[in-house]
Amino acid sequence: MDGLWEGSALGATRTVVSVSLGSARRDHRVRYRLADVEIDIERRGFNGDVEAARQAIAELDGRVDAIGLGGLDVYLYIGEDRYVIADGERLLQAASRTPVVDGSRLKRTLEPRAVRQLAAHGPLPLKGLPVLMVSALDRFGMAVALEEAGCRPVYGDLMFTAGIPYPITTLAELQKISRRLAKEMTRLPVRMLYPTGAAQESEPEARFPEEYERAALVAGDFHLIRRYLPASLTDKAVLTNTTTAEDRGDLARRGVRWLFTTTPLLDGRSLGTNVLEAAMVAAMGRRPEDLAAADFEELLDRIEYRPEVVDLQQGAAGADGGH
Amino acid sequence: MTDVAEMERVLTEFARQFNDSAELPRMAQGWNRTILVRATDAAWTRGLRVQEGAVRLLGAAEHPARAEIVLEGAADTLAAIFRGEMSPTEPYLDGSLIVRSTEADMMKLDVFTLMVWGE
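This text gives an overview of the structure that appears in the document. Everything numeric in this text was worked out from a predicted model, so none of it was measured.

Criteria and thresholds
Residues numbered from 1 in each chain as written. Chains lettered and ligands numbered in written order. Predicted model: local features only at pLDDT ≥ 70, side-chain atom pairs only at ≥ 80, totals over all residues. Heavy atoms only, no water. Salt bridge = Lys/Arg side-chain N within 4 Å of Asp/Glu carboxyl O. Helix = DSSP H or I, 4+ residues; strand = E, 2+ residues; numbered from the N terminus. Buried < 20%, exposed > 50% of the residue type's maximum accessible area, 1.4 Å probe, protein only. Pairing = 2+ DSSP bridges. Axes fitted to C-alpha atoms, helices over the stretch in contact; angles between N-to-C directions. Contact = heavy atoms within 4.5 Å.

Focus on the pattern of salt bridges
Residue and element names in this part refer to chain A. Following the criterion strictly, the structure yields 35 salt bridges over all chains and no others. In this structure, Glu42 engages Arg29 in a salt bridge whose closest nitrogen and oxygen atoms are separated by 3.5 Å. Linking Glu42 in strand β3 (residues 37-45) with Arg29 in strand β2 (residues 28-34), this pair joins segments that are 13 residues apart in sequence. Glu51 is the partner of Arg54 in a salt bridge, and the nearest nitrogen-oxygen pair spans 3.0 Å. A residue pair is termed a helical-turn pair when its members lie 3 or 4 positions apart in one helix, as Arg54 and Glu51 do in helix α1 (residues 50-60) at three residues. Taking relative accessible area as the criterion, Glu51 reaches 38% and is therefore assigned partly exposed.

Okay, here's the thing in C-alpha cells:
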C-alpha cells in the first residue's frame, strides 16, 4: 500500500450509507471491493422528505465511515464558479463527525475521464455526434469533455428543469445563463429543481421529444433523462450513472442500443456518484475537504477505472465493460 | 412607498428590457400569460401580458378578473423585484412575496426576472 490510504486498515470493512431524496423503492445493500478495502454499502431513500433525510444523517453521524448524499447535488461547479444548493447544504450540516459527500468532487474527475475513455475505446465515434445533455450545470466536467471530444451538444437545463423551450448550444452561453440564474435558483426547494421521491417513479412524460430525436447520445442525470423520455429511442446511446436492471429494461424496450455508465455496475445496478465518492473517502480514510482531484485520479488509476458499456440490444456487457 | 405611477414606470422598463433581450423573447415563446402585480399596502394592481415572446403593460381597463399568475407583496418589494434590485427568490422564501400560480409558471417567471437584469 502507498500513502494514498492514510486512514484505512488492510482487511478492514468500511461502512457507507447513501441517504437519498430519491424513492425508497431503489433501496439496496451491496458489498464493494475497492482496491484492497471491503465496503458495505447501503442506500436509503427518503422519497423527497428533506427533514427525514436530515434526521437520518444526524443519526448516522459517527456510526459509519462515510455518508453519501443522493437525489440532489449540493455543489454545482461551473467553470471556476461554485454554487451551493441550500437544501443540500442543510443536509451536509446534519453531520459533524462522519464525512458527507454528494459526489460532486468525484464527478469532476470521473466523468471527463469516462468521456475520454469512451472517445478512445467506446463503440461510437464521439466526434461530430449530436448530444443532448438534459442538464449540464450538474455535470459541467462532462459537458466540457464532450465538447473536447468533438460532440455537437444541446444543453437542456432550461428545457428540462424549467420547461423553457430554449436549447443552449455552447458552453459559453451555458456559463452566461448560469451566472444569471444559479445563485438564486439554488436557493429554491430542491423538489422544484430536480425529480425527487415519487417523481422518480412516475411514468415518463415526453418533453421536447424533438431534442431526444435529434441526439444520437443522451447524457446526464438519469432521473432527469427518464422523467421526460419519449416512447422511442431507437439505436441511441445513453450516458449516465445511476441505473437499475429495471431502468435498463425500460431503456432497451424503447430501443436504446448503448448504455454507458460512469460508475461501476454492482449487483445489477450502477452506483450513484455520491455512493462511489463516499466509498472512496471511506477507503482512503481521509476527510473529503483534504482530497484533491489527484487523489481521486490516483485511486481511479489503481482500480483501472473504465466506464461501463452495455449493449442493451444484446443484453450483455460490451468489450470495454470494466469496473 | 412606491405609488402606482412609479410602478407603471418600473413595469414599462421591465417590459422594454425583456423585449430588447437577445434571449428572452425566444425563451418565452408559447408562454402566454397574464401577470397581476398587487400591492398589499397600497391600493393598486397592475398587470403585464406575455404574448408570443413579448411583454406589455396592461392598461387598468384591461385587467382580467383572474390571471394565471398573481404576485402580492409590499409596493416597495414589488418595485424592487421588477427593477432588478431584489431577487424574487428571497421575498418568496421569507413569505413577503406571495405567488399565486402553478409551480411551473412560478419557475419560468423566476428565470425570466433573473435573466432580465443579468448577473
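So that's the structure; there's more coming.
A short note on the sheet that holds strand β5 (residues 97-100) of chain B
Residue and element names in this part refer to chain B. Spatially, the five strands line up as an open sheet ordered β3-β2-β1-β4-β5, and their pairing is mixed. Looking along the sheet, the strands with just one partner apiece sit at the ends: β3 (54-57) and β5. Averaged over all pairs of adjacent strands, the angle between strand axes in this sheet comes to 20 degrees, irrespective of strand direction. In terms of strand pairing, strand β4 (residues 69-73) meets β5 through four bridges, oriented antiparallel. When the bridges of β5 are listed, Val70 appears paired with Arg100. Sitting on the sheet, helix α1 (residues 4-20) touches β1 (33-39), β2 (45-51) and β3, and the angle it makes with β3 is about 165 degrees.

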